[in-house]
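Each chain is listed here by its residues.
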Amino acid sequence: MPDTPAATPRARVRVPLRFHDGYGVDADLVTFHGLTDGREHIAVVLGDPAPGTVPLVRLHSECLTGDVLGSARCDCGPQLREAVERIAERGGVLLYLRQEGRGIGLYNKLDAYALQDQGLDTYEANAALGLPEDARDYTAAAQMLSALGIGELDLLSNNPDKAEQLRSLGVAVRDRVPTGVFTTPHNVRYLRAKVLQTQHTLPLAELNAG
């Protein structure tokens, strides 16, 4: 990894994961020493890749409102649920990254929501607050993957920036695998903005503003 200190595994603990729809799977949660941003990111290790296959990996940014509270204003909760099952079936890792609100934090994200209620899209709202459209940096993610011995992967993501950043950090991203499309009446404008502003691979024709 270019000019980046190595991280090392700190602890590994087995945890049974149980979701509201009844799906369950056991996972190993791994913590780390030496992450460059000092945050408490975790790796969720799921399944067991068949010999000769590359693992499926998702970089999932923390979303309290979507992951925990079930907010319909984003697609984060459904993406998390889908990713756990798909990775468990094939074998791989979900990196749960403490980057709330694309890196701007929870309070700023909620302030941006208020501006979205006034007509701005998710990126315009960040800009109106004097914040970057996307403040996420995936150096710690590359460190975590290296510490887990993962040098090549298929990336479960609609976001081309994640793959580009990982490649620039020395991680071989063989393929980018799109997630499902999880629309609600409350998140269609948000998903359209992701396609139009940051080239997420979502089917724009299905994301009509209704």
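Higher on the page you've got the structure.
Keep in mind it's a predicted model, so treat the numbers as computed, not measured. (Residues numbered from 1 in each chain as written. Predicted model: local features only at pLDDT ≥ 70, side-chain atom pairs only at ≥ 80, totals over all residues. Heavy atoms only, no water.)

Draft legend 1. Summary view of the pairing of strand β7 (residues 172-177). Two strands pair when backbone bridges link them, and strand β6 (residues 152-156) and β7 are joined in this way by five bridges, in the parallel orientation. Looking at the pairing, E152 lines up with A172 of β7. (Pairing = 2+ DSSP bridges. Helix = DSSP H or I, 4+ residues; strand = E, 2+ residues; numbered from the N terminus.)

Draft legend 2. Region of the structure containing the pattern of salt bridges. Under the defined criterion, the tally for this structure stands at 12 salt bridges. Residue E82 pairs with R86 through a salt bridge whose shortest N-O separation is 3.0 Å. In this pair, E82 and R86 both sit in helix α2 (residues 76-90), four residues apart, roughly one turn of the helix. With relative accessibility at 27%, the residue R86 sits in the partly exposed group. (Salt bridge = Lys/Arg side-chain N within 4 Å of Asp/Glu carboxyl O. Buried < 20%, exposed > 50% of the residue type's maximum accessible area, 1.4 Å probe, protein only.)

Draft legend 3. The layout of surface pockets, seen in detail. The computed volume of the largest pocket comes to approximately 440 Å³. Along the wall of the largest pocket there are 18 residues; nearest its centre are F19, D67, G77, L80 and R81. Those elements giving two or more residues to the lining of the largest pocket turn out to be β3 (42-46), α1 (64-68), α2 and β5 (92-97). Considering every element that reaches the lining of the largest pocket, the biggest residue donor is α2, with five residues. (1 Å grid on protein atoms, 1.4 Å probe; cavity = no way out; pocket = protein on both sides within 12 Å on 5 of 7 lines; lining within 4 Å. Points joined across faces, edges and corners; volume = space filled by probe spheres on them.)

Draft legend 4. Looking closely at the packing of aromatic side chains. Tallying each qualifying case throughout the model produces one aromatic pair. Consider the rings of F19 and Y23, whose centres lie 6.2 Å apart with planes at 35 degrees: the pair is tilted. Owing to a relative accessible area of 22%, F19 belongs among the partly exposed residues under this scheme. The side chain of R81 reaches across the aromatic face of F19, ending 5.6 Å from its centre. (Phe/Tyr/Trp six-rings, centres within 6.5 Å; stacked < 30°, edge-to-face > 60°. Lys NZ or Arg CZ within 6 Å of the ring centre and 35° of its normal.)

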